[in-house]
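Per-entry structural report
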Amino acid sequence: MKVFVIGAGRWGSFIAWYLDRTGHETSLYGRAELPDWQEFCRTRTNGMVTLPPSLQMTSDLMGAKSADVIVISIPTQAVRGLMEELRPLELKEKRLVLCMKGIEIGTGKRLSQIVGENTDPSNRIAVWIGPGHPQEFVRGVPNCMVIDSESEELKRELVSEFSSDLIRFYYGADLIGNEVGAAAKNVIGIAAGMLDGLGQTSLKGALMSRGTREVARLIKALGGNELSAYGLCHLGDYEATVFSPHSHNRAFGEAFVTGKPYTALAEGYYTVKALRELSEKYGVDLPICGAVYEVLYEKRDPREALESLFMRSLKQEF
């Protein structure tokens, strides 16, 4: 396949490296004005991956026109803007693969919905989600991930073409549940980091069990299968999000409560705002997401918020 990867952050650069490794003709797109991209092009390394000569680096979106597959790995809230940039290319008969996790603030829309509404109907859309960190993959540590789509044919094509000894792909069976679960796990990651920062790491067991249950309720309310919350999109991704030192969301939550600066992208910061909106719209109780929102956006004391969350009176476990 001829693949065009849009987004040269840690995931985008890894995906380009991975797809080149699996034998695909791969190009990686980054914005010419960004100093980090300029340095990346000069050295062909970003400290995590080193790109081989076979992989093309470009700042011209026109490369998407000739690609069989367009992989998008950018910040969630920038997806709608990217689709406007791609509109003049009049892309048709493309396979669009979304490799990021989040929900749009203000609309509550999933990424596949945003892309689907802003591209030609002939283009087919899939999501690539699941556990793992680029830092571990490039060291040869394997993991399992999920590809989901409304198109069964597209799922079969991508799982066949993208699978390798490094990543085993599973077929997703619930696009709504997989997208929502993948997005929401970043908020649970922030909560986990807050517990770490407050010296309450032992509460992560309660966080994981209750977090999965509240996300399952939301998935069901949105029309998905609540059991998806217990799969690789959410609970299966907790090790990488709730415990790993590589998790941006966990690290952000810990830095936030300890007052330390943190500049890397933590998608959960934005996703929790979108989840708060969905909670109110659909009448679904999301206590963990609500507590994280109050700490991040309403300046509530983190210790008070988390202690009240885990000590609140319950008639039953969930």
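Here, the structure is the one placed above.
What counts, and where the lines are drawn
Residues numbered from 1 in each chain as written. Predicted model: local features only at pLDDT ≥ 70, side-chain atom pairs only at ≥ 80, totals over all residues. Heavy atoms only, no water. Helix = DSSP H or I, 4+ residues; strand = E, 2+ residues; numbered from the N terminus. Buried < 20%, exposed > 50% of the residue type's maximum accessible area, 1.4 Å probe, protein only. Expected span 1.5 Å × (residues − 1). Arc of directions from axis to C-beta. Contact = heavy atoms within 4.5 Å. Lys, Arg positive; Asp, Glu negative; His and termini not counted. Salt bridge = Lys/Arg side-chain N within 4 Å of Asp/Glu carboxyl O. Polar contact = N/O pair within 3.5 Å; in protein donor to acceptor, adjacent residues only side chain to side chain. Axes fitted to C-alpha atoms, helices over the stretch in contact; angles between N-to-C directions. Parallel < 35°, antiparallel > 145°, perpendicular 65-115°, else oblique. Left-handed = near helix turned anticlockwise from the far one by under 90°. Nonpolar A, V, L, I, M, F, W, Y, C, P; charged D, E, K, R; others polar.

1. Some points on unusual backbone geometry
- A positive phi angle is found at Arg44, which is not glycine, with a value near 65°.
- Residue position: Arg44 is located in the loop between helix H2 (35–43) and strand S3 (56–58).
- A positive phi angle is found at Lys299, which is not glycine, with a value near 60°.
- A residue is classified by how much of its surface remains accessible, and Lys299, at 77% relative accessible area, is exposed.

2. Description of helix H11 (residues 268–282)
- Helix length check: H11 (15 residues) gives 20 Å between terminal C-alpha atoms against 21 Å at 1.5 Å per residue, within 8%.
- Along H11, the positions that sit buried rather than exposed are Gly268, Thr271, Val272, Ala274, Leu275, Leu278 and Ser279. Each buried residue of H11 lies within a common arc of 165° when the element is viewed along its axis, so the set occupies one face. Looking at H11, the residues exposed on the side facing more than 90 degrees away from the buried face are Glu280 and Lys281.
- Looking at the buried residues of H11, the elements they touch are helix H7 (175–197), helix H8 (204–221), helix H10 (248–258) and helix H12 (287–297).
- Following H11 by one or two positions, Gly283 has its phi on the positive side, about 65°.

3. Looking at the side chain of Lys94
- Take Lys94: it is sitting in the loop between helix H3 (79–86) and strand S5 (95–98).
- It turns out Lys94 is buried and unbridged, and the closest side chain with the opposite charge, Asp68, is 6.1 Å from it.
- A distance of 2.7 Å separates a polar atom in the side chain of Lys94 from the backbone oxygen of Ala67.

4. Examining the packing of H7 against H10
- Viewed as axis vectors pointing N to C, H7 and H10 meet at an angle of 45°, and their least axial separation amounts to 6 Å. Taken as axis vectors, H7 and H10 run oblique relative to one another. For the element pair H7 and H10, the recorded crossing hand is right-handed. In this structure, H7 uses Asn186, Gly189, Ile190, Ala192, Gly193, Met194, Asp196 and Gly197 to contact H10, whose residues at the interface are Asn249, Arg250, Phe252, Gly253, Glu254, Phe256, Val257 and Thr258.
- Tallied by class, the residues present in the contact of H7 with H10 amount to six nonpolar, seven polar and three charged.

5. Some thoughts on the environment of Glu25
- Inspection of the secondary structure puts Glu25 in strand S2 (residues 25–29).
- Under the relative-accessibility criterion, Glu25 is labelled exposed at 52%.
- With sequence-adjacent residues up to four places away left out, Glu25 is seen in contact with Met1, Lys2 and Val3.

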